[in-house]
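Okay, here's what each chain looks like letter by letter:
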Amino acid sequence: MLNTAEKARFSETARKGLCSHAYIVDGTAGIGKFEFALFCASALLCSDSRIKPCGVCPSCLKNAQREHPDVAVIGGEKAPSVADVRELIHRASLKPNDGERQVFIVRNADKMLASAQNALLKLFEEPPESVAVFLLTESRSSLLPTVLSRGQRIHLDGMTEQELTALLKNEFPAKSGPEIAEAVAKAEGNIGAARGYLSKTSADLRASARTVAELALSRRRYELFAALVQPKYKREQLASLLGALLELSGTELKRKSGIPARAECEPLPNATKKALAAIGEAAQNCLMALETNANVTAAASKLAIELSGVTARQTTDIKGRK
Ligand SMILES: [Zn+2]
């Protein structure tokens, strides 16, 4: 379960009936803010007196289906507008449908314009007894100080490594242990980042980057050109591949330099530090070219030429060590 400690704390507060009316939930993208707010909504509306949320009362069941009439969500893809906030304030002035409370969840609160935040402030300052509002934000600094001062802060740190590992193993049964371990290390408790890392697209990208690096290191120039130029990459695709290549060469360089990495990927064969640095440099040059609007095919060809040179440097490196 995500954010277990914070949920346990909220659950206990709800059981004691000590909940506040205004919360500001902050944490990075993908850390589970919305899921946490839904949990809190369930806890606040649950009719069981011992465990909140109990998960089985009619209110909890409605929440599990996302069909509770006393839970409203504004903002999502877009930032909540002034009109959204006014609608929410209007609803807050009405009586709850089912029970004693209404819960409002405001997503992307940090992206709200000052005008929308000011409109919301009215509700934050004098919330009706029955209302609880959750503002979800990635950055507290984007909220007006007046809004910040009214809400109780809940900071989400994400999951422990064990929790994240268990969850990912369950969600990605086809992934190997080392792959999961690498995703966990990279994600730093952020479930969204871990899922992104294990998703097919990013796995494919890392595989392509590895192929390019291996071709460069094993002096297979013709195949290197074929791998970089023939797919006719779009600008963003080539940029993503370069990002993966930079990350791979960086990780390998660290490994060669004896800097302990938390996650170990399969080592690149025949890679010297010089060659790895040259691969990183070539990728960086190509990224810069793409940013200055260079022709993509020309940039890919130039990258292939530079990467071919990596082997020359590597040869001197090997000779130099003899
Ligand atoms: Zn319940």
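### Considering the sheet that holds strand 1 (residues 22-26)
Strands sit in the order 2-3-4-1-5 across an open sheet of five strands; the sheet is parallel. Of all strands in the sheet, those with a lone pairing partner are strand 2 (71-74) and strand 5 (152-155), marking the two edges. Between one strand axis and the next, the sheet turns by 20 degrees as a mean value, whatever way the strands run. Here strand 3 (residues 102-106) runs beside strand 4 (residues 131-137); their pairing, made up of five bridges, is parallel. Across the sheet, Phe104 pairs through a bridge with Val133, a residue of strand 4.

### Things to note about the domain arrangement of the chain
Examined at the domain level, the chain breaks down into domain 1 (4-158), domain 2 (160-198) and domain 3 (208-321). Using C-alpha coordinates to define each centre, domain 1 is positioned 28 Å away from domain 2. Facing the eight residues of domain 1 at the interface are six residues of domain 2. Residue composition of the side of domain 1 that touches domain 2, by class: two nonpolar, five polar and one charged.

### Topic: the packing of helix 8 (residues 177-187) against helix 9 (residues 191-198)
Pairs of packed helices are described in terms of their axes, by the angle between the two and the distance that separates them. Packing of helix 8 against helix 9 leaves a shortest axis separation of 8 Å and a crossing angle of 140 degrees. One element, helix 8, and the other, helix 9, form an angle in the oblique class. The interaxial crossing formed by helix 8 with helix 9 has right-handed handedness. Contact residues: helix 8 offers Glu179, Ala183, Val184, Lys186 and Ala187, while helix 9 offers Ala193, Ala194, Tyr197 and Leu198.

### So, the nonpolar core
Grouped together as the largest cluster of nonpolar side chains are 53 residues, with contacts concentrated most on Val25, Phe134 and Ala194. Element by element, the count of residues in this core is highest for helix 2 (residues 33-45), at nine residues. Built from parts of two domains, this core gets at least three residues from each of domain 1 (4-158) and domain 2 (160-198). For Phe134, the contacting residues outside a window of four places in its chain are Tyr23, Val25, Ala37, Cys40, Ile105 and Val106.

### Digging into the pairing of strand 3
Of all five residues in strand 3, five are buried, a share of seventy percent or more. Every second residue of strand 3 is oriented toward a common face, with Gln102, Phe104 and Val106 on one face and Val103 and Ile105 on the other, all of them buried. Pairing geometry for strand 2 and strand 3, over four bridges, is parallel. Of the residues in strand 3, the one forming a bridge with Val71 is Val103. With respect to chirality, the unit in which strand 2 leads through helix 4 (residues 82-93) into the neighbouring parallel strand 3 is right-handed. Crossover strand 3 to strand 4 through helix 5 (residues 114-125) is right-handed.

### With respect to the pairing of strand 1
Most of strand 1 sits out of view: four of its five residues are buried. Sheet analysis places strand 1 next to strand 4, joined by five bridges and oriented parallel. Paired with Ile24 across the two strands is Leu135, which belongs to strand 4. The pairing of strand 1 with strand 5 spans four bridges and is parallel. Residue pairing for strand 5: Tyr23 is matched across the bridge by Gln152.

Cut-offs used in this document
- Residues numbered from 1 in each chain as written.
- Predicted model: local features only at pLDDT ≥ 70, side-chain atom pairs only at ≥ 80, totals over all residues.
- Pairing = 2+ DSSP bridges.
- Helix = DSSP H or I, 4+ residues; strand = E, 2+ residues; numbered from the N terminus.
- Axes fitted to C-alpha atoms, helices over the stretch in contact; angles between N-to-C directions.
- Domains from an automatic or database assignment.
- Contact = placed C-beta atoms within 7 Å.
- Nonpolar A, V, L, I, M, F, W, Y, C, P; charged D, E, K, R; others polar.
- Parallel < 35°, antiparallel > 145°, perpendicular 65-115°, else oblique.
- Left-handed = near helix turned anticlockwise from the far one by under 90°.
- Core = buried A, V, L, I, M, F, W, Y, C linked by C-beta atoms within 7 Å.
- Buried ≥ 20, exposed ≤ 12 C-beta atoms within 10 Å, placed from the backbone.
- Right-handed = clockwise from strand over helix to strand, strands pointing away.

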